[in-house]
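For reference, the chains in residue letters:
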Amino acid sequence: MPYKLNTIICSTRPGRIGPSIARWFDEFANQHDEFNSNLVDLVDVGLPVYDEPNHPSLKQYQNSHTKAWSRSVEAADAFVFVLPEYNYCPPPSYFNALDYVYKEWNYKPCGFVSYGGVSGGLRSAQLAKQLATTVKMMPMMEGVMVQMASSLIDENGNFSPAKHHESSATAMLNELAKWTRALKTIR
């Protein structure tokens with residue numbers, strides 16, 4: 001049975017291109033034998049800046065948005081975060097989403113599809129990995145980096161991947177599957 005992968009669109013700003021790249025990756029991941037990918041948009045999740053009165057490790061959530069987010073994260077076996085680079089960092093929505101829950105992330109692997117200008121969001125992904133390890137996730141070394149991302153979105157909002165995007169995605173998904181299998185034994 002395929003593992004459940006949540007592909008998470010991390011940018012929440014108006015005019016974002018993340019959904020185009022994430023739709024491509026979600027479809028690509030669903031062609032991989034080991035994953036059933038579910039596209040999750042942080043805009044739809046609607047998390048305000050962290051507003052729970054109790055520490056997330058207690059899992060004593062008061063707000064309906066937190067309870068729904070907890071269920072979504074808990075149900076997944078692995079994650080791929082699709083994120084831009086803002087001032088060399090991931091968007092604040094990424095940090096906020098990870099901070100909302102804690103145990104639900106533990107012992108699950110994650111990968112990154114980063115995008116931006118000439119750096120392709122690489123600095124963002126590197127910083128994002130640090131937070132992922134703090135909530136006991138295992139970030140993949142492999143990833144997908146999309147340089148000059150805006151130039152790869154057509155007039156209909158579709159992302160046009162190059163061969164290296166597809167080969168990078170395959171390598172990341174193959175590695176993610178190995179870690180998903182291994183970490184599932186811990187959970």
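Scroll up to find the structure this text is about.
Residues numbered from 1 in each chain as written. Predicted model: local features only at pLDDT ≥ 70, side-chain atom pairs only at ≥ 80, totals over all residues. Heavy atoms only, no water.

Engineer: What is the right way to read the environment of Val-73 from this model?
Structural biologist: Here Val-73 lies in helix 3 (residues 64-75). Take Val-73: its relative accessible area is 1%, and that puts it in the buried class. Not counting residues within four places of it along the chain, the set of residues in contact with Val-73 comprises Phe-79, Val-101, Glu-104, Trp-105 and Lys-108. (Helix = DSSP H or I, 4+ residues; strand = E, 2+ residues; numbered from the N terminus. Buried < 20%, exposed > 50% of the residue type's maximum accessible area, 1.4 Å probe, protein only. Contact = heavy atoms within 4.5 Å.)

Engineer: Just checking my understanding: could you explain the pattern of salt bridges for this structure?
Structural biologist: It is possible for side chains bearing opposite charge to pair when their charged atoms get close. As enumerated under the stated definition, the model contains seven salt bridges in all. Put simply, Glu-34 and Arg-181 hold a salt bridge, and the shortest N to O gap is 2.9 Å. Taken as a pair, Glu-34 in the loop between helix 1 (18-30) and strand 2 (35-41) and Arg-181 in helix 6 (residues 163-186) lie far apart in primary sequence, 147 residues in all. Accessibility expressed as a relative area gives 26% for Glu-34, which makes it partly exposed. Classification of Arg-181 by relative accessible area gives partly exposed; the value is 38%. The salt bridge partner of Lys-59 is Glu-74, with a shortest N-O separation of 3.4 Å. (Salt bridge = Lys/Arg side-chain N within 4 Å of Asp/Glu carboxyl O.)

Engineer: So what exactly am I meant to see when it comes to unusual backbone geometry here?
Structural biologist: You will see that Asn-87, though not glycine, has its phi angle at about 55°, which is positive. Relative to the assigned elements, Asn-87 resides in the loop between strand 3 (78-84) and helix 4 (92-100). Asn-87 sits in the exposed class, given a relative accessible area of 73%. A positive phi angle, close to 45°, is found at Met-148, a residue other than glycine. The exposure class of Met-148 is partly exposed, given its relative accessible area of 49%.

Engineer: In this structure, what is going on with the packing of aromatic side chains? I would like to understand it.
Structural biologist: Where two aromatic rings form a pair, the distance of their centres and the angle of their planes describe that pair. Enumeration over the complete set of coordinates arrives at 13 aromatic pairs. Here a set of aromatic residues connected by ring pairs shows up, and it is made of Trp-69, Phe-79, Phe-81, Tyr-94, Phe-95, Trp-105 and Phe-112. Note that Arg-123 overlies the ring of Tyr-88, its terminal NZ or CZ placed 3.7 Å from the centroid. (Phe/Tyr/Trp six-rings, centres within 6.5 Å; stacked < 30°, edge-to-face > 60°. Lys NZ or Arg CZ within 6 Å of the ring centre and 35° of its normal.)

Engineer: How should the state of the cysteines be read in this particular structure?
Structural biologist: In protein chemistry, a disulfide is the covalent bond that joins the sulfur atoms of two cysteines. Counting across every chain of the model gives zero disulfides. Lacking any disulfide linkage, Cys-89 is separated from the closest cysteine sulfur, that of Cys-10, by 14 Å. We classify Cys-89 as partly exposed; its relative accessible area is 26%. Free cysteine Cys-110: the closest other cysteine sulfur is in Cys-10, separated by 10 Å. Note on Cys-110: relative accessible area 0%, which makes it buried. (Disulfide = S-S within 2.5 Å.)

Engineer: Got a minute to help me understand the packing of helix 1 against helix 6 in this structure?
Structural biologist: A pair of packed helices is characterised by two quantities: the angle between their axes and the separation of those axes. Their axes nearest at 11 Å, the elements helix 1 and helix 6 cross at an angle of 55°. Viewed along their axes, helix 1 and helix 6 adopt a mutual orientation that is oblique. As for the relative orientation of helix 1 and helix 6, their crossing is right-handed in sense. Residues Trp-24, Phe-25, Phe-28 and Ala-29 of helix 1 form the contact with helix 6, whose own contacting residues are His-165, Glu-166, Ala-169, Thr-170, Met-172 and Leu-173. Here the contact of helix 1 with helix 6 is composed, by residue class, of seven nonpolar, two polar and one charged. (Axes fitted to C-alpha atoms, helices over the stretch in contact; angles between N-to-C directions. Parallel < 35°, antiparallel > 145°, perpendicular 65-115°, else oblique. Left-handed = near helix turned anticlockwise from the far one by under 90°. Nonpolar A, V, L, I, M, F, W, Y, C, P; charged D, E, K, R; others polar.)

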